[in-house]
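Structure at a glance
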Amino acid sequence: MSIADSHMLTQKHVTRMQTRRDTIMMPSQTPMVPWKPPGADVAQFVDINSAMYRDRTLMISSFIDEEKANEIISIILWMRKSDYKADISIYFNVPGALLRPSLAIYDLLQQTKQNCKIETVNLGLCTGMGAFLCAAGTKGKRSAMPNSRFLLQRTGLDEVIRGQATDIVLEVRNVKKSNDRMEAELSALTGQPLERIHKDLSRDFYLGADEAVQYGLIDQVLLPAPLKRAARGQDADLGTFEGEEDQRYQGKDNSGGGWGSQQAQQRPPEKKDDDDDGPKIMKG
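Anyway, here's the lowdown on the structure attached to this text. Just so it is clear, the model here is predicted, and its values are computed rather than measured.

1. A word on the overall build of the protein chain
Along the protein chain, the regular secondary structure elements total eight helices and 13 strands. Split into buried and exposed, the 284 residues of the protein chain put 34% on the buried side. When contacts within the protein chain are restricted to residue pairs at least 6 apart in sequence, long-range pairs at least 24 apart make up 62% of them.

Below, the structure written as structure tokens:
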């Protein structure tokens, strides 16, 4: 192969690579879903968070700092203004939260509960003030998934404090006072004595979903129904688990022992024919 032929092949290869187009991407990384405004004939694409806000559903899935707390507060205020009596659902999967911004969210939730019910659900992990906010929902509406976990703990300083020794002491006292108030509110939410709350939160205190029910942090554990499936336009039928008794799954005994174990359904016996294949033969 000559040099001219090789140069021509290289040029064709470059042209072929340049004509290959990239995949068309959405302008935002947030998933887009169709949403039909009330009274409209045509649906429009909106980001999934906006669609959930319109359905009065809030998903908190990141660390709660000042900026995230302001975003949550603004969304709840918008929901209150749009319809102050309709229920609000909040789903938590929070790896942690700052103390003072979380207390601001808690105060708003307490005011909002006077007019409407607030449903809280722990999807995976609620750490620190995230677990505290999950327990701040309306009693009877606080739930968790079967494999979710709670981690209760006291929250330290939000950032490093520099300055005079007296100013550092004042800041430490202020943080301790906020933690003491959080423990008092947690005692009111769970029904546990304040002394026990203070003792449990002296170290990291982990709770499973069923343990959180017994502790008073939530009211029920959501379980999938084995006999029903969610139809279009309807919510999934969920069971509950409470107390220390042996769990009954949709009114049936769990012979398998686990929360998701189901009894094998017996099939009706099949009728046997004399002839497996071909038409039936009349016998005289």
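2. Focus on the pattern of salt bridges
All told, the structure shown has eight salt bridges when counted by the stated rule. Asp180 is paired through a salt bridge with Arg154; the nearest N and O atoms lie 3.4 Å apart. Within this pair, whereas Asp180 is found in helix α6 (residues 165-190), its partner Arg154 is found in the loop between β7 (149-152) and α6, the two being separated by 26 residues in sequence. Judged by its relative accessible area of 30%, Asp180 is partly exposed. We note a salt bridge from Asp200 to Arg196, for which the minimum N-O separation is 3.5 Å. With Asp200 and Arg196 both in helix α7 (residues 194-200) and four residues apart, this pair spans about one turn of that helix. Looking at Arg196, the relative accessible area reads 40%, which means it is partly exposed. Members of the salt-bridge network, linked through shared partners, are Arg154, Lys176, Asp180 and Glu183.

The rules behind these values
Per chain, residues are indexed from 1 in the order of the written sequence. For a predicted model such as this one, the threshold for reporting local features is a pLDDT of at least 70, and the threshold for listing and counting side-chain atom pairs is 80 or more; totals across whole chains, interfaces and linings nevertheless cover every residue. Water and hydrogen atoms were dropped before computing side-chain values, which therefore reflect all heavy atoms in the structure. Only DSSP runs of H or I covering at least 4 residues are called helices, and only runs of E covering at least 2 are called strands; the numbering of each starts at the N terminus. Relative accessible area decides the class of each residue, using a 1.4 Å probe on protein chains only: under 20% of the type maximum gives buried, over 50% gives exposed, and in between gives partly exposed. For this analysis, residues touch if any pair of their heavy atoms sits within 4.5 Å. Salt bridges, as used here, are contacts in which a Lys or Arg side-chain nitrogen is within 4 Å of a carboxyl oxygen on Asp or Glu.

From the geometry alone we can't say anything about function, so treat these as descriptive.
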